[in-house]
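Geometric and topological summary
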Amino acid sequence: LLRTTPSVAPVPHRTVLSVSGSDATHFLDGLLAITVQGKQSYGAFLHAQGRVIYDVFLYTLPSQSTPTYLIEHDASPSESQPLFDILKRYVLRSKVRIRDVSQEWDIWAAWGHDHGADERREWTWARSGAVEPVWSKTTTWPWGTEPGVIIDRRAPGMGRRMIVPRGEKPHETSTHDTLGSDAYLLHRILHGVPEGTIDIPPLHAFPIESDLDMMGGVDFRKGCYVGQELTVRTYHTGVVRKRILPAVLSNPTGRAPLAPNLTIKPSVITPTSSGSDPELASIRIPRLRGTSTLLSSVLTPSLGPNTAVGLVLLRLDHFRPSIELHTDRPGTVSEQSGEGWKVEPWRPTWWPEQ
């Protein structure tokens, strides 16, 4: 399913805010969970209790008399206030102007063999299980310096992300295959990259559980920002019990496609399911606790009928090759083998090994 030929596709459902003014850099640096240095990057706005509000891409524009940033994010309806209202609340006396410029810009993604090159990464581990990429071997700014074009470092092979004037197309469309938005969704699912309000629900998701640490979206060493205290405490003294992973989903009964936020529980393992081997039948396997959650998914008929790939917020103690996960409707679970949806998560190849 992984498409490696040069491809370009629009990224739908994105809202763009403009933050400009002499205090724009200082203003955003006090709110984002990354260090804002007047350059393009990827990061997140956090709630005071350390949960994610929005994951965002931060673009810069050339030839501006004052610092100007474009904030791209998913503004789909959620429990959170719109980001525009949140930023307005913090302006106070700062010399900052905030505007919604979504009607002026489109978002595109490009990937393929000439965009997927990425040096072998180094990592910094915390005792909690959190992990950060180290960009020490990158000679230039890791997210790129070309205005309006971000090197998508969330995972190797993700390519580039571009903001272009509304109605126009990036120049890559002349040399790349132009695909639909579902192709981009499949591309990031296969790379294990969560994005937007479905994968990172506002006011519910924690940054480390949502892989923002591995994707370079959190700076654990910068000064004060909203949500810093709990985030840094989790990094040093907490335990990471969940992660977002890609998974294959199959359903032999031919039911309707899956919707987000379905509850996933481990199937029950009984001695009879161990076969006729008396030694295996005598093994008592404890029932796993807790649940996991299905996030984004897309049907993939090439893998077989009623088959999809998706992202799952998975309890790490459920991640065992011998465990099958089944889900049917929200809050209900099928415990008979072959019923409901079978969920088979896998570990992305780019993930670090401690």
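Residue numbers restart at each chain and count upward from 1, following the sequence in its written direction. Only residues with pLDDT of 70 or above have their local features reported here, since the model is predicted, and side-chain atom pairs are shown and tallied only from 80 upward, although totals for entire chains, interfaces and linings are computed over all residues. By convention in this description, side-chain values take in all heavy atoms of the structure and omit both hydrogens and water.

In the annotation of an unreviewed UniProt entry, the protein chain is listed under the name Transferase caf17, mitochondrial and assigned to Pisolithus microcarpus 441. UniProt positions are given in the numbering used here, feature names are shortened, and annotations may be inferred rather than shown by experiment. Listed under Subcellular location (unreviewed entry) in UniProt, the entry text for the protein chain is "Mitochondrion". What UniProt states about the protein chain under its Sequence similarities (unreviewed entry) heading is, verbatim, "Belongs to the GcvT family. CAF17/IBA57 subfamily."

Only protein chains enter the calculation, and the probe is 1.4 Å; a residue is then buried if its accessible area is under 20% of its type maximum, exposed if over 50%, and partly exposed in between. A run of DSSP states H or I qualifies as a helix once it reaches four residues; a run of E qualifies as a strand once it reaches two. Both are numbered from the N-terminal end. Along strand 7 (residues 105-111), 6 of the 7 residues are buried, which leaves the element largely enclosed by surrounding structure. Any two strands with at least two DSSP-identified bridges between them are counted as paired. In the sheet, strand 1 (residues 7-10) pairs with strand 7 via 4 bridges, with the strands oriented antiparallel. Note that in strand 7 the partner of Ala-9 across the bridge is Ala-109. Here strand 7 pairs with strand 11 (residues 160-165) via 6 bridges, running antiparallel. Note that in strand 11 the partner of Ala-110 across the bridge is Arg-160.

With that out of the way, let us pick up unusual backbone geometry. The backbone of Leu-92 shows a phi angle near 50°, a positive value even though the residue is not glycine. By the secondary structure assignment, Leu-92 is in the loop between helix 2 (83-91) and strand 6 (97-100). The class for Leu-92 is exposed, based on a relative accessible area of 76%. Of note in this structure, Leu-203 is not a glycine but carries a positive phi near 70°.

Any Lys or Arg side-chain nitrogen located within 4 Å of an Asp or Glu carboxyl oxygen qualifies as a salt bridge. Under the criterion given, the structure shown has 20 salt bridges. One salt bridge in this structure joins Glu-72 and Arg-14, with 2.7 Å as the shortest N-O distance. Placement of Glu-72 in strand 5 (residues 68-73) and of Arg-14 in the loop between strand 1 and strand 2 (15-20) is noted, with a sequence separation of 58 residues between them. Accessibility classification places Glu-72 together with Arg-14 in one group, the buried group. With its nearest N and O atoms 2.7 Å apart, the salt bridge here joins Arg-188 to Asp-199. Placement of the pair is Arg-188 in helix 3 (residues 181-190) and Asp-199 in helix 4 (residues 196-199), with a sequence separation of 11 residues. Residues Arg-188 and Asp-199 agree in their burial class; the two are buried. Look at the salt bridges and you will find they share partners, linking Arg-14, Glu-72, Asp-152, Arg-154, Arg-161 and Glu-195 into a network.

This brings us to the packing of aromatic side chains. We describe a pair of aromatic rings using the distance from one ring centre to the other and the angle between the two ring planes. Each Phe, Tyr or Trp ring (for Trp, its six-membered ring) is paired with any other whose centre lies within 6.5 Å, and the angle between the two planes then decides the class: stacked below 30 degrees, edge-to-face above 60, tilted in between. Tallied over the entire structure, the rule returns 5 aromatic pairs. Judged by centre distance (5.0 Å) and plane angle (50°), the ring pair of Tyr-42 and Phe-57 falls under tilted. Taken together, the residues span a long stretch of sequence, with Tyr-42 in strand 3 (residues 41-46) and Phe-57 in strand 4 (residues 52-60) at a distance of 15 residues. Overall, the relative accessible area of 0% leaves Tyr-42 in the buried class.

A few words now on the environment of Thr-66. Mapped onto the elements of the fold, Thr-66 is located in the loop between strand 4 and strand 5. Given the relative accessible area of 33%, Thr-66 is considered partly exposed. As for Thr-66 and Ser-22, which are separated by 44 residues in sequence, their C-alpha atoms are 5.7 Å apart. The contact criterion used throughout is that any non-hydrogen atoms of two residues lie within 4.5 Å. Apart from the residues lying within four places of it in its own chain, the contact partners of Thr-66 are Gly-21 and Ser-22.

Next up on the list: the environment of Asp-213. Along the chain, Asp-213 turns up in the loop between helix 4 and helix 5 (228-237). Spatially, the C-alpha atom of Asp-213 lies 9.5 Å from that of Arg-154, the residues being 59 residues apart in sequence. In this structure, Asp-213 is in contact with Ala-130, Val-131, Glu-132, Pro-133, Pro-207, Ile-208, Val-218, Phe-220 and Arg-243, ignoring residues within four places of it in sequence. Within the structure, Asp-213 has its side chain in polar contact with the side chain of Arg-243 (distance 2.8 Å). Under the rule applied, a polar contact is a pair of N or O atoms within 3.5 Å (in protein, one hydrogen donor and one hydrogen acceptor; residues adjacent in sequence only if both atoms are side-chain atoms).

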